[in-house]
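# Observations on the model geometry
One-letter residues, chain by chain:
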Amino acid sequence: MPNQSSTDQEQNLEVVANSDEQLKIPEVLPVLPLRDIVIFPFMIVPLFVQREKSIRAVDQALAEHRTIMLVSQRDLDKEEPLTPDLYEVGTVALIMRMLKLPDGRIRILVQGLSRAKLARVDEHLPYLQARISILSEPRMETSLESEALMRSVKSAMEKAVSLGKNISPEVMAIAVNLEDSGRLADLAASNLDLKVEDAQSVLDLTEQNARLRKINELLTKEISVLTVQQEINSQAKGEIDRSQREFYLRQQLKAIQQELGEGNEFAEEINAYRDKIAEASMPEKVEEESLKQLKKLERMHPDAAEAAMLRNYLDVLVNLPWSKSSIDNLDLKQAEKVLNEDHYGLEKIKERIVEALAVRKLKEKVKGPILCLVGPPGVGKTSLGRSIAKALARKFVRLSLGGVHDEAEIRGHRRTYVGSMPGRIIQAIQQANTNNPLIMLDEIDKVHSDFRGDPSSALLEVLDPEQNNSFRDNYLGVPFDLSNVMFMTTANVLDTIQPPLRDRMEIIQLSGYTEIEKLAIVRTHVLKKQMEENGISPKYLALADSAIKALINQYTRESGLRQLEREVGSICRKVARKVADGQEKQIRVSGKNIHEFLGPSKIVPDEILKKDQIGVATGLAWTPVGGEVLFIEALLMKGKGTMMLTGQMGDVMKESAQAALSYAKSRSKELQINDELFNTHDIHIHIPEGAIPKDGPSAGITLVTALVSVLSNRPIKRSVAMTGEVTLRGNVLAIGGLKEKVLAAHRNKVTTVVIPAPNKKDLEEIPKEIAKDIEFIYVDNVKQVLKIALA
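All of these numbers come straight from a predicted model, not from anything done at the bench. (Residues numbered from 1 in each chain as written. Predicted model: local features only at pLDDT ≥ 70, side-chain atom pairs only at ≥ 80, totals over all residues. Heavy atoms only, no water.)

### Regarding helix α26 (residues 738-747)
- Counting buried positions along α26 yields eight of ten residues, so the element is predominantly enclosed.
- Buried residues of α26: Leu738, Lys739, Glu740, Lys741, Val742, Leu743, Ala744 and Ala745, and no others.
- Phi turns positive one or two residues past the end of α26, at Lys749, with a value near 65 degrees. (Buried < 20%, exposed > 50% of the residue type's maximum accessible area, 1.4 Å probe, protein only. Helix = DSSP H or I, 4+ residues; strand = E, 2+ residues; numbered from the N terminus.)

Listed below in structure tokens is the structure:
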């Protein structure tokens, strides 16, 4: 297969001048078909030959007279060209040199002698052979037209060189000195890098002026292209800046990579995105949007700022688990076993989870339950969520909502903003890599709203099973199905949660732990964990039950376990130090020697009064960290009948005190109170621990009891604690937080607790070991309370 590797125009072209007269050209010559090149007379060109027939044609020419007919192919892809595949006009050439290459090809150096036309081609030989007729050029007198054409061609060649055309100085020197118009036309045609069709059209012309006109036309076209190219280059250079320079370099790098066969990275990236979209099993509308954005990216420059934004968006879309779900563990006994291993007590929540599993076992498509665990700090709300996920064999993701005040944290930012990203819900789904994880929304009661929006309102859609099957994140812009997700939320109090949001959740109250429960939890979980964390084993430490009880009552006062765990950890660290110093004997810690490890007791128990007193009633209060015993003191002193309230009492509690006073005045005879006292004496009601704010209606009957006691001069039984709201008519209304209040009473060794009769049903939540130590008295009216409490 002949190919042009270089075009060398020798300066001594005179050697072959009139060669058709000096050399006798035979009428029959071997034919060498050419690809991608047209050879002109007087042209010296190296050719590579590799086709078998072509090699035989060269061998035949060398064996006879070293002349061969060079003809260009019409179809470059034709391996075995026949007569119709060849142009009629070619060039008779002299083979000046031949070299055989190691790979079987041969390299020949040929010099064009004369135009010739194929008369008849013989295709039956091992090579192509043809009878030819020489096309002699007519001798023409030098005319004005030919002179003008020659000057025009020479001038055009010089202009083309000045515009950047690659023509060697030697060729230009020959062209300037040539006086033969035909030779000039051929020389110009051979150095213009013409297409095969254009070059062949020049070769076909034997009339010299016609050839010059054709060359002049081609040169004019080439000059126009070079001029526009130069204008583009100069304009680009004028406007180039840093980013354009980088683009220019990248384009060059891309071209180099293509030459090296490394391919187009951007095209590969687009194809990779297309494959990921196909594999993601997206819903139809989401897939349409993804492909739409991918087409937009394909039309962009890869280094554009918006292209980076689209890449991030597509990465989020293709990495979301649209159809990837984990398989739920529907073994109820196994799930119950996992829950019991991780947490002691909490029977109500465990029962609810097992119920949800049972429903899931019977019905495949179930809306994910939305549970809200409400309770004091440290009772295990968050860790319970992790255990539930483990029991269900689901992925667990925790989102802390404490302090969140931007609606975009939930719904995401719109893609028009710089640095935009999906909201926390979608990020959690992405993190879990399944579309049915358990998502724990921690501290939902501490979400705040400001000028950036209200996250609680954004959560309304997330936590509504009727709406969250098409949750639309602002960043995604397409719906995502959250109905398979199991949401759990935690809170310390319900008051700060928006009513519509609270309505969407199933509230499960977690009360504080009793002493017996804490003892069991320390034995089964806390002690084991702290010993492992501090590098000691049961071989070195024995913690007696009396020590654990001392920890609970004398060193901690909490509903949960965090402080208790820290105190156990402190004991373990002190034991670890002794072991590290070389002590090998087991260290026993009991209630008697615990102060050696933790120092003196940190908590002085608020035990009941040592004797019955006038005007001091024992109440029970609920706080976010558990129940407390509250002493309400009333004092009578000479004055003008006013009432003073101290001890940081809230508005509701102040109103309860006013109601208590009004009740006492209206029933003064019945309660054996002297009416004159209301006009001649002032009443001062105080609640100790004045630095702590107190509020709520449940101290109503305690306030009445303290007031009546001081006004009637009758002592109150110290063993009786009470809680209940009172009306002006003396009716006792139900209260909340009974379990925490009863636990506080038990902790402070109260033996009798007066509670409203409507709260009798709540005693089911009280642990049996606590209830057996306390006598509960149910009341409907303050009269019953006074009869029980006053001595």
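### Description of the environment of Ala791
- Considering the arrangement of structural elements, one finds Ala791 in the segment after α28 (782-789).
- Placed 690 residues apart in sequence, Ala791 and Leu101 show a C-alpha to C-alpha distance of 128 Å.
- Discounting residues that sit within four places of it in the chain, Ala791 has contacts with Arg714, Pro715 and Lys717. (Contact = heavy atoms within 4.5 Å.)

### Section: the sheet that holds strand β7 (residues 370-374)
- The five strands are arranged β8-β9-β12-β7-β13 in an open sheet whose pairing can be described as parallel. Each end of this open sheet is capped by a strand with a single partner; those strands are β8 (396-400) and β13 (506-509). In this sheet, adjacent strand axes meet at a mean angle of 20 degrees when their direction is disregarded.
- Pairing of strand β9 (residues 438-442) with strand β12 (residues 486-491), which is carried by four bridges, proceeds in the parallel orientation. Each residue of the ladder has a partner; that of Ile439, found in β12, is Phe487.
- Relative to the sheet, helix α13 (residues 347-362) contacts β7, β12 and β13, its axis offset from that of β7 by approximately 175 degrees. (Pairing = 2+ DSSP bridges. Axes fitted to C-alpha atoms, helices over the stretch in contact; angles between N-to-C directions.)

### Some remarks on the nonpolar core
- In this structure, Leu32, Met69, Ile108 and Ile132 are the most contacted members of the largest nonpolar core, which totals 67 residues.
- Here this core gets seven residues from one element, more than from any other, and that element is strand β5 (residues 106-122). (Core = buried A, V, L, I, M, F, W, Y, C linked by side-chain atoms within 4.5 Å.)

### Quick word on a negative patch on the surface
- On the surface, Glu336, Glu347, Glu351 and Glu355 cluster together to form a negatively charged patch.
- By residue number, the principal contributor to the negative patch is α13, which donates three residues.
- Within the secondary structure layout, Glu347 lies in helix α13.
- A residue is classified by how much of its surface remains accessible, and Glu347, at 52% relative accessible area, is exposed. (Patch = residues over 30% accessible without salt bridge, like charges linked within 9 Å, V, L, I, M, F, W, Y side chains within 5 Å. Areas by Shrake-Rupley, 256 points an atom, 1.4 Å probe, with all protein chains shown as cover. Salt bridge = Lys/Arg side-chain N within 4 Å of Asp/Glu carboxyl O. Lys, Arg positive; Asp, Glu negative; His and termini not counted. Charge placed at Lys NZ, Arg CZ, Asp CG, Glu CD.)

### A closer look at the packing of helix α9 (residues 265-279) against helix α11 (residues 305-319)
- At their nearest, the axes of α9 and α11 sit 10 Å apart, and the two run at 30 degrees to each other. Accordingly, the angle class assigned to the pair α9 and α11 is roughly parallel. The handedness of the crossing between α9 and α11 comes out as left-handed. Residue-level inspection shows Phe266, Glu269, Tyr273, Lys276 and Ile277 of α9 in contact with α11, the latter providing Arg311, Leu314, Asp315 and Val318.
- Here the residues of the contact of α9 with α11 sort into five nonpolar, no polar and four charged. (Parallel < 35°, antiparallel > 145°, perpendicular 65-115°, else oblique. Left-handed = near helix turned anticlockwise from the far one by under 90°. Nonpolar A, V, L, I, M, F, W, Y, C, P; charged D, E, K, R; others polar.)

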